[in-house]
Each structure stands twice: as C-alpha cells, then as structure tokens.
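Letter by letter, the chains look like this.
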Amino acid sequence: MLHQLTYAFFKLNLTQPSDNTIMHWVNTNAVAELEYALKHGNYKTRQLAAEGLEHVGRPSSIPVLLHAINDKIQNVSIAALNALEALGCTDELIISITSKRFNWVKQIRDQKEKRNIPKNKKHNIYRWQRASKKSFERVKAQLKKPIR
C-alpha cells in the first residue's frame, strides 16, 4: 500500500521513489512503474529504474531503454546499455551499443588528455609588472624630470 502511495505521489511530481520502493517494483515485476521512473525521475531514480528493468527482463521495455541510452547523465546511459545487453536484443542493436561505448571511452580519454596537458605557458606580465603599473611608473618618472 505504501509503495502505491509513493507511486501516486511520484506521478503528481511531489516526491521521488526511494531505493526500497524501486526494489519492491523490481520484485513485483511492476514494469509500468519502472518505465515511468526511467522517463520522469531524477538521475538516481532513472539509474535505479534502468537497473531494475534489467533484472525484470521484459522485452516490452526495450523502447524506453533505447530512449534512455541518450540520457545526459552517463551513469543512466550505461545502466540502460547494460539492461539492453542483458535483454539480448538483435545484432544491430548490440552493434550500436558497442559503438556507443567505444565513443564514450574515446571521449573520456580525450577529456583526460586535455586535462593532463602540461601548461608550460609562462606569462611575461607578473602582478607587479601589469601594464597599468608600468604606465603609472613611466608617468611618474616623466614628472620627476625638469620641464624645459
């Protein structure tokens, strides 16, 4: 009864389901609730719902999981990919899944390389040598000279 109330509150966008609620939906094979959580939950709820759909293993949830592959949060996308692999879909789908994984790995490596590039750039302007300070010093020196 409590999990039904949680689902009703979740549909009204008042609360997010807890881990226990999602596990209850997995144990009772509540695919509709898990699919709704995968579509409309926050990132943690979406990830748990994708993992739950993997454990339930119904092929009817493939379209929702395919949509979840392109999620902004990488953990949700990975959970959806794992669920699709566990469901054992067609060869075309597995090829697209592996290509997506390779693209992610490449993207992560590129980001790490960009971060690890040594920054040997030496700046010629130090805090005490800023342009404004140099011009101020030049004006000060010119004012010290006698006027002719």
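Residues numbered from 1 in each chain as written. Predicted model: local features only at pLDDT ≥ 70, side-chain atom pairs only at ≥ 80, totals over all residues. Heavy atoms only, no water.

Before going further, it helps to spend a moment on the packing of helix 2 (residues 19-27) against helix 4 (residues 43-56). The geometry of helix 2 relative to helix 4 is characterised by a closest axis approach of 9 Å and an angle of 20° between their N-to-C directions. Our classification of the angle between helix 2 and helix 4 gives roughly parallel. The handedness of the crossing between helix 2 and helix 4 comes out as right-handed. Within the contact between the two elements, helix 2 uses Asp19, Ile22 and Val26 and helix 4 uses Thr45, Leu48, Ala49, Gly52, His55 and Val56. (Axes fitted to C-alpha atoms, helices over the stretch in contact; angles between N-to-C directions. Helix = DSSP H or I, 4+ residues; strand = E, 2+ residues; numbered from the N terminus. Parallel < 35°, antiparallel > 145°, perpendicular 65-115°, else oblique. Left-handed = near helix turned anticlockwise from the far one by under 90°. Contact = heavy atoms within 4.5 Å.)

Okay, the packing of aromatic side chains next. Overall, the coordinates contain 3 aromatic pairs when judged by the stated rule. Ring centres 6.0 Å apart and planes at 80° place the aromatic pair Tyr7 and Tyr36 in the edge-to-face group. Of this pair, Tyr7 sits in helix 1 (residues 2-11) while Tyr36 sits in helix 3 (residues 31-40), and the two are 29 residues apart along the sequence. Each member of the pair, Tyr7 together with Tyr36, is buried. For the pair Phe10 and Tyr36, a centre-to-centre distance of 5.4 Å together with 85° between the ring planes defines the contact as edge-to-face. Highlighted residues: Phe10 in helix 1 and Tyr36 in helix 3, separated in sequence by 26 residues. With respect to class, Phe10 is no different from Tyr36; both count as buried. Taken together, the ring pairs in this structure connect Tyr7, Phe10, Trp25 and Tyr36 into an aromatic cluster. (Phe/Tyr/Trp six-rings, centres within 6.5 Å; stacked < 30°, edge-to-face > 60°. Buried < 20%, exposed > 50% of the residue type's maximum accessible area, 1.4 Å probe, protein only.)

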